[in-house]
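Structural overview
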Amino acid sequence: MRDAPAVLAHLTGTVVHGAGRGRGLGFPTANIAPDPGSPVPPPAVYSGWVVRHPTGALHRATISVGSNPTFCDTAEIHTEVYCHDTSDDLYDERVGLWFVARIRATVKFASPDDLVRAARQDVLRSEEFLASERGRRVLAHALNAFADTADTATA
Ligand SMILES: Cc1cc2nc3c(=O)[nH]c(=O)nc-3n(C[C@H](O)[C@H](O)[C@H](O)COP(=O)(O)O)c2cc1C
């Protein structure tokens with residue numbers, strides 16, 4: 001590490017197809033299959049940056065790690081990313097997730113509408129974290145790490 005940023009967690013993975021519910025809810029998410037050994041943080045809603053490999057394109061995001069209890073009765077953990085600033089679907093792309101802050105615990109909502117209302121608030125909170133000094137430090141670290149990877153790939 002070049003400095004000691006406040007990175008909460010970092011994982012890499014590939015964007016795969018989810019249940020397809022998110023677009024209907026107004027919150028289309030990129031579903032991530034984490035790379036083997038890439039540590040997934042505990043279930044919760046988070047604020048973070050998404051780096052798209054290999055271009056380095058960057059997006060502001062709100063990330064849900066959880067079993068989607070509002071819709072599912074299984075224990076399977078999904079890692080889903082809602083990008084604030086693109087409607088690209090990202091399918092099959094490799095991405096890096098740089099977690100900035102935990103926003104709240106995952107909730108089993110009484111209705112999809114309640115979930116959407118909470119998700120709108122999550123995005124506002126996430127924007128605050130991303131714009132904070134901590135958010136900018138994590139961003140700088142993510143960009144440095146990506147540049148190092150690109151250097152290695154072309155060396
Ligand atoms: C910002 C955000 C917050 C979320 N919070 C919750 C939650 O608290 N409880 C829950 O059951 N699902 C939550 N989810 C996950 C949604 O249930 C999931 O994205 C939706 O079911 C679509 O899944 P799909 O992409 O597999 O179709 C959240 C998703 C987002 C983007």
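Presented here is an overview of the structure given in this document. (Residues numbered from 1 in each chain as written. Predicted model: local features only at pLDDT ≥ 70, side-chain atom pairs only at ≥ 80, totals over all residues. Heavy atoms only, no water.)

A short note on the site of the ligand
Test applied: Here a residue is considered near a molecule or strand provided that any single heavy atom belonging to it is located within 4 Å of it. Residues adjacent in sequence count toward polar contacts only when both atoms are side-chain atoms; beyond that, a polar contact is any pair of N or O atoms within 3.5 Å, and within protein one must be able to donate a hydrogen and the other to accept it. Computed with the Shrake-Rupley method and a 1.4 Å probe, the accessible areas treat only the protein chains shown as cover for residues. Helix and strand labels come from DSSP, where a helix needs a run of H or I of at least four residues and a strand needs a run of E of at least two; each type is numbered from the N terminus. Under this grouping Gly is polar, as are all residues other than the nonpolar Ala, Val, Leu, Ile, Met, Phe, Trp, Tyr, Cys and Pro and the charged Asp, Glu, Lys and Arg.
In the neighbourhood of the ligand, 23 residues make up the surrounding shell, with Arg 21, Thr 70, Glu 80, Arg 104 and Val 107 lying closest. Within the contact set of the ligand, an oxygen atom lies 2.5 Å away from a backbone nitrogen or oxygen of Arg 21. Take Pro 69: an N or O atom from its main chain is 3.1 Å from an oxygen atom of the ligand. Bound to the protein, the ligand loses 98% of the 630 Å² it would expose on its own. At the level of secondary structure, the elements contributing two or more residues to the shell around the ligand comprise β4 (57-66), β5 (78-83) and α2 (112-131). Ranked by residue count, the leading element in the shell around the ligand is α2, at three residues. Of the residues belonging to the shell around the ligand, the class tally is nine nonpolar, 10 polar and four charged.

Side note on the packing of aromatic side chains
Cut-off, in case you're wondering: Aromatic rings from Phe, Tyr and Trp, taking only the six-membered ring of Trp, are treated as a pair when their centres fall within 6.5 Å; an angle between ring planes under 30 degrees marks them as stacked, one over 60 as edge-to-face, and anything in between as tilted. Any residue under 20% of the maximum accessible area for its type is buried, any over 50% is exposed, and the rest in between are partly exposed; the area is computed with a 1.4 Å probe on protein chains only.
Applying the stated criterion to the full structure yields two aromatic pairs. With 5.1 Å between their ring centres and 85 degrees between their planes, Tyr 46 and Phe 99 make a pair best called edge-to-face. With a gap of 53 residues between them, Tyr 46 in strand β3 (residues 44-53) and Phe 99 in strand β6 (residues 94-104) connect regions that are remote in the sequence. With relative accessibility at 0%, the residue Phe 99 sits in the buried group.

Some details on the pattern of salt bridges
Short version of the rule: When a carboxyl oxygen of Asp or Glu lies within 4 Å of a side-chain nitrogen of Lys or Arg, that pair is called a salt bridge.
Applying the stated criterion across every chain yields a total of eight salt bridges. Across the pair Asp 85 and Arg 60 runs a salt bridge, and its minimum N-O distance is 3.7 Å. With Asp 85 in the loop between β5 and β6 and Arg 60 in strand β4, this residue pair connects regions lying 25 residues apart in the sequence. Note that Arg 117 and Asp 114 form a salt bridge whose closest N and O atoms lie 2.8 Å from each other. Of this pair, Arg 117 and Asp 114 both sit in helix α2, three residues apart, roughly one helical turn. Where salt bridges share partners, they join Arg 52, Asp 88 and Glu 93 into one cluster.

Some points on the sheet that holds β3
Defined as follows: Strands were regarded as paired on the criterion that DSSP finds at least two bridges between them. Axis definition: a line fitted to C-alpha atoms, over the contacting stretch in the case of helices. Angles run 0 to 180 degrees between N-to-C directions. Residue contacts are counted whenever heavy atoms from the two residues lie within 4.5 Å of one another.
Here six strands make up a closed barrel; going around it, the order is β1-β2-β5-β4-β3-β6 and the pairing antiparallel. Going across the sheet, the axis of each strand differs from the next one's by a mean of 45 degrees, ignoring polarity. As paired strands, β3 and β4 are joined by nine bridges and run antiparallel to one another. Across the sheet, the residue bridging to Gly 48 is Ala 61, located in β4. Together, β3, β4, β5 and β6 form the strand contacts of α2, whose direction differs from that of β6 by roughly 100 degrees.

Purely geometric numbers; function is a separate question.
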